[in-house]
Amino acid sequence: MILAPAYKMLKILLAVVATFLAAAVIVSYRLSRSVVKPVKHLKHIIQRMELDTLGQEKVTSYPVSVNELEELYQAFQLMSDNLKDSMTQLNEAKEQEMKARSMALQSQINPHFYYNSLSSIMVLAENGDTDTVEKMCRNLSRIMRYITNTAETTVTLREELDYVQKYLYCMKVRYQSSLNYSIDVDESLLDQPVPKLIIQPIVENAIKYGSDCEPPWTITISSTINQNSWQIDVTDTGPGFTEKAKKKINSDIMNAIRNPGMPALKINGLGTVNVFLRWKLFCKDDIIFRYGNTADGHGIVSIGRYFQTDAEE
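These numbers were taken from a predicted model, which means no experiment stands behind them. (Residues numbered from 1 in each chain as written. Predicted model: local features only at pLDDT ≥ 70, side-chain atom pairs only at ≥ 80, totals over all residues. Heavy atoms only, no water.)

Before going further, it helps to examine the pairing of strand S6 (residues 287-293). Alignment of S6 against strand S7 (residues 299-306), held across seven bridges, turns out to be antiparallel. If you follow Asn-293 over to S7, its bridge partner there is Gly-299. Hairpin connection, S6 to S7: the antiparallel pair is bridged by five residues, and Gly-297 has positive phi, about 85 degrees. (Pairing = 2+ DSSP bridges. Helix = DSSP H or I, 4+ residues; strand = E, 2+ residues; numbered from the N terminus.)

We now examine the packing of helix H5 (residues 157-175) against helix H6 (residues 200-210). Interaxial distance between H5 and H6 falls to 10 Å at its minimum, and their mutual angle equals 25 degrees. If you check the angle between H5 and H6, you find them roughly parallel. The handedness of the crossing between H5 and H6 is right-handed. Between H5, through Glu-160, Tyr-163, Val-164, Tyr-167, Leu-168, Met-171 and Tyr-175, and H6, the contact on the second element is made entirely by Gln-200, Val-203, Glu-204 and Ile-207. (Axes fitted to C-alpha atoms, helices over the stretch in contact; angles between N-to-C directions. Parallel < 35°, antiparallel > 145°, perpendicular 65-115°, else oblique. Left-handed = near helix turned anticlockwise from the far one by under 90°. Contact = heavy atoms within 4.5 Å.)

As a further point, take the nonpolar core. In terms of nonpolar packing, the biggest core is built from 54 residues, with Ile-199, Val-203, Ile-221, Ile-232, Trp-279 and Ile-303 touching the most fellow members. Considering each element in turn, this core owes the most residues, ten residues, to H5. In this structure Ile-303 touches Ile-198, Ile-199, Ile-202, Trp-230, Gln-231, Ile-232, Val-275, Trp-279, Ile-288 and Phe-289, once residues within four positions along its chain are discounted. (Core = buried A, V, L, I, M, F, W, Y, C linked by side-chain atoms within 4.5 Å. Buried < 20%, exposed > 50% of the residue type's maximum accessible area, 1.4 Å probe, protein only.)

Among the structural elements, Ser-117 can be located in helix H3 (residues 111-126). Under the relative-accessibility criterion, Ser-117 is labelled buried at 3%. Setting aside anything within four residues of it in sequence, one finds Ser-117 in contact with Met-136, Leu-140 and Cys-170.

Direction vectors running N to C along helix H7 (residues 243-258) and helix H8 (residues 272-283) enclose 35 degrees, while the axes themselves pass 9 Å from each other. Handedness of the crossing formed by H7 with H8: right-handed. In this structure, H7 uses Ile-249, Asp-252, Ile-253, Ala-256 and Ile-257 to contact H8, whose residues at the interface are Thr-272, Val-273, Phe-276 and Leu-277. By residue class, the composition of the contact of H7 with H8 is seven nonpolar, one polar and one charged. (Nonpolar A, V, L, I, M, F, W, Y, C, P; charged D, E, K, R; others polar.)

Looking now at H5. Given a rise of 1.5 Å per residue, 19 residues ought to cover 27 Å, and the 26 Å separating the end C-alpha atoms of H5 matches this to within 8%. Regarding H5, the residues found buried are Leu-157, Glu-160, Leu-161, Tyr-163, Val-164, Lys-166, Tyr-167, Leu-168, Tyr-169, Cys-170, Met-171 and Val-173. Just beyond H5, the residue with positive phi is Gln-176, at close to 55 degrees. (Expected span 1.5 Å × (residues − 1).)

With that settled, the discussion passes to a nonpolar patch on the surface. A surface patch of nonpolar side chains, about 580 Å² in accessible area, is lined by Ile-2, Leu-3, Tyr-7, Leu-10 and Leu-14. With respect to the secondary-structure elements, Tyr-7 resides in helix H1 (residues 4-48). (Patch = residues over 30% accessible without salt bridge, like charges linked within 9 Å, V, L, I, M, F, W, Y side chains within 5 Å. Areas by Shrake-Rupley, 256 points an atom, 1.4 Å probe, with all protein chains shown as cover. Salt bridge = Lys/Arg side-chain N within 4 Å of Asp/Glu carboxyl O.)

Attention shifts here to the packing of aromatic side chains. For the structure shown, the criterion picks out seven aromatic pairs. When the ring of Phe-289 is compared with that of Tyr-291, the centres are 6.2 Å apart and the planes differ by 55 degrees; the resulting orientation is tilted. Relative accessible area serves as the criterion here: at 16%, Phe-289 is assigned to the buried category. An aromatic cluster of at least three residues, connected via ring pairs, comprises Phe-241, Phe-276, Phe-289 and Tyr-291. Note that Lys-196 overlies the ring of Tyr-146, its terminal NZ or CZ placed 4.9 Å from the centroid. (Phe/Tyr/Trp six-rings, centres within 6.5 Å; stacked < 30°, edge-to-face > 60°. Lys NZ or Arg CZ within 6 Å of the ring centre and 35° of its normal.)

Another point: the sheet that holds strand S5 (residues 229-235). Read across the sheet, five strands follow the order S2-S4-S5-S7-S6 without closing on themselves; strand pairing throughout is mixed. The sheet is open, and its two edges are formed by strand S2 (179-184) and S6, each paired on a single side. Averaged over all adjacent pairs, the angle separating strand axes in this sheet is 10 degrees, with direction ignored. Pairing geometry for S2 and strand S4 (residues 217-225), over six bridges, is parallel. Counted as the bridge partner of Leu-179 is Trp-217 from S4. Contacts between H5 and the sheet are confined to S2, S4 and S5, with S2 contributing the most and set at about 165 degrees to the helix. Across the sheet, H6 lies against S2, S4, S5 and S7, angled at about 140 degrees from S4, the strand it touches most.

What follows covers the pattern of salt bridges. Evaluation of the coordinates by the stated rule reveals seven salt bridges. With a closest N to O distance of 2.7 Å, Glu-134 and Arg-138 form a salt bridge. With Glu-134 and Arg-138 both in helix H4 (residues 130-148) and four residues apart, the pair spans about one turn of that helix. On the accessibility criterion, Glu-134 (46% relative accessible area) is partly exposed.

This part covers the environment of Ser-229. One can find Ser-229 in strand S5. Expressed as a C-alpha distance, the spacing of Ser-229 and Asp-286, which sit 57 residues apart in the sequence, is 8.9 Å. Excluding its chain neighbours within four sequence positions, the residues that come into contact with Ser-229 are Thr-224, Ile-288, Arg-305, Tyr-306 and Phe-307.

Listed below in structure tokens is the structure:
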């Protein structure tokens, strides 16, 4: 009976202490949640972030109750915006570089091609073949107009192939029966956008290296459409790529990837590597680019791209 009040007081104190402990746990939990939840949110944003999505997700719109965390959010948002601006400027600089290089390429003229074509015209004129002379002059005029038009650096595949056909006709007049060619590209691809002068250099190389054997020589331009991609194949009947040539091209491509930038371009001997770089800059991750030999041992170079939906997946 004497200790009863003490026991009662002890129970009250234990109840008060338990209440304070429970309150402390609840407050600590809520405080930790208010800190951990924003940090996890910021972590998920960082994990989802890619170069293409920089600056799209505004982290400052997330409610934060701690001043330091709000400053962290603002600093991260500023960094994301700055990175986005830098990437945009870099992409614009690359596009401008490609346009400048393409215009420089178009403004050049392969003198050997024109000298040889003019020599062929003179021989035809001396032989009285006025119809072929007229067609040659018309084709040369259109070729010159196509090359020197620097207002457009992107054309349709139809326009590029039309230019290639005129180029091949002039080469046919030069080599006569030693050179044959065919162009068989699916109609559904003719409206595809491509960089100007992207196929002609491949054809030029095919003639240059594909004629390193006994004539006749044949250049074939064909197309392939798959479920998720399309490509243009340029095939010759020459001796094909040597192992040394393939290793050299592969090494140059890898060096170009490691050291971004466009090397000097020129119409005469534009090169497989330069075509790859321009096509890569145009297609980005959708690119298809292959080179090598056919089952018969002849040279083949293919360019194409994956359809956008498949590339995104």
